[in-house]
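This is what each chain is made of:
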Amino acid sequence: MAGAANGGKAGKLAMAEASMDSVQEAAQGRRRKVGLALGSGSARGWAHIGVLQELRSMGIQPDVVVGTSIGALVGAVYVSGQLDEFAQWVAGLGFRDVLGFLDIGFTGGMVKGEKLFSFFSEHQNNPHIEDLEVAFATVATDMVLGREVWIREGEVLTAARASSALPGLFPPVHHDGRWLLDGGLVNPVPVSACRALGADVVIAVNLNGQLVGRHFNPADTEGIPTHTEEGESVWAKMKEYFGIDAEGQHEARPGLFDVMGASINIMQDRITRSRMAGDPADINLIPMLSDYAIMDFHRAEEAIAEGRRLVRNAEESIRWFIDCS
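Residues numbered from 1 in each chain as written. Predicted model: local features only at pLDDT ≥ 70, side-chain atom pairs only at ≥ 80, totals over all residues. Heavy atoms only, no water.

**Looking at the side chain of serine 40**
- Within the secondary structure layout, serine 40 lies in the loop between strand S1 (34–38) and helix H2 (47–57).
- Owing to a relative accessible area of 0%, serine 40 belongs among the buried residues under this scheme.
- Apart from the residues lying within four places of it in its own chain, the contact partners of serine 40 are Thr68, Ser69, Ile70, Gly184, Pro188, Leu207, Asn208 and Gln268. (Helix = DSSP H or I, 4+ residues; strand = E, 2+ residues; numbered from the N terminus. Buried < 20%, exposed > 50% of the residue type's maximum accessible area, 1.4 Å probe, protein only. Contact = heavy atoms within 4.5 Å.)

Here it is, written out as structure tokens:
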């Protein structure tokens, strides 16, 4: 009986060892899942396009994509298979084009955003998140409870819009019974969401690492009339918002967008440092775009090039983390 018992124990031990071996073999044979955390940062977010393009040129396709604010928008375009078309469009934007998308309003935010997002509904595919091959989510903030919200269902552009409701600029978005604000208020670089969705290796694009510098370039307004036959033009009012006088010179006192840009940058930098200290990424990419203003969306080519440069410089580290078992 004792021999039988010992034999049974030995058999169970052998089975356990065999099981452990098979688990280790499976783990070694399984490709590590790559997650991409695309952070918030207004116009600096066009760097996300370059990051995605360069990763693709290296043969790396993320298994998990999570975006906050502008990162949610670029991520939505990427997972819907339209990155190159989108890159071409943003590269062609001029300052006047950017202002043309601003439908000024004062209910919940200065910019209603209807013109911008109606453009996307007309020109971009808008698949449901549930139908995507890539795990995708956007991060927003519950306006009432102040809680972080991960949007994992519904149309990708709706999810991106809810994540991009920057306080004071864009109005909150009503989604699934809640009013949602920009996700940068709670999780500017969503590393934690990437890991929760199964990523083994997380590449984070932190747009908030270089935040000092100008907030508006007076040269951008050259040639814009300040008066029309009907009186003061909307362009003159926009110059006032930006803190520019009629001759295109900075006023001594910061303008509205100067204050908004600096405040948002400071807030997101502090939150990013705190969140990433507790949940650091494996690869942290920080675009050098400190001179970008909050509305510099017409400077896409520079930001895209910077995103590609970052990935090329980090290629060795990226491949090591992905290939390491």
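**Considering a nonpolar patch on the surface**
- A cluster of nonpolar side chains, Met143, Val144, Leu145 and Trp179, forms an exposed patch at the surface whose accessible area comes to about 450 Å².
- Summarising the element assignment, leucine 145 is placed in the loop between strand S3 (135–142) and strand S4 (148–151). (Patch = residues over 30% accessible without salt bridge, like charges linked within 9 Å, V, L, I, M, F, W, Y side chains within 5 Å. Areas by Shrake-Rupley, 256 points an atom, 1.4 Å probe, with all protein chains shown as cover. Salt bridge = Lys/Arg side-chain N within 4 Å of Asp/Glu carboxyl O.)

**Some words on the pairing of S1**
- Most of S1 sits inside the fold, with five of its five residues counted as buried.
- The two faces of S1 match: Val34, Leu36 and Leu38 on one face and Gly35 and Ala37 on the other face are all buried.
- One ladder, built from five bridges, connects S1 with strand S7 (residues 201–205); its direction is parallel. Residue pairing for S7: leucine 36 is matched across the bridge by isoleucine 203.
- As paired elements, S1 and strand S2 (residues 64–68) share four bridges and run parallel to each other. From the neighbouring strand, alanine 37 faces S2, where its bridge partner is valine 66.
- Handedness of the crossover joining S1 and S2 through H2: right-handed. (Pairing = 2+ DSSP bridges. Right-handed = clockwise from strand over helix to strand, strands pointing away.)

**Digging into the pairing of strand S6 (residues 178–182)**
- Judged from the three bridges that link them, S3 and S6 form a sheet pairing that is antiparallel. Each bridged residue has a counterpart across the sheet, and for alanine 140 the counterpart in S6 is aspartate 182.
- Bridging between strand S5 (residues 173–175) and S6 involves three bridges; their strand directions are antiparallel. Residue histidine 174 lies in a different strand from S6, and its bridge partner there is tryptophan 179.
- In textbook terms, the turn of a hairpin is the stretch between consecutive antiparallel strands, and for S5 and S6 this stretch comprises two residues, one of which, aspartate 176, has a positive phi near 55°.

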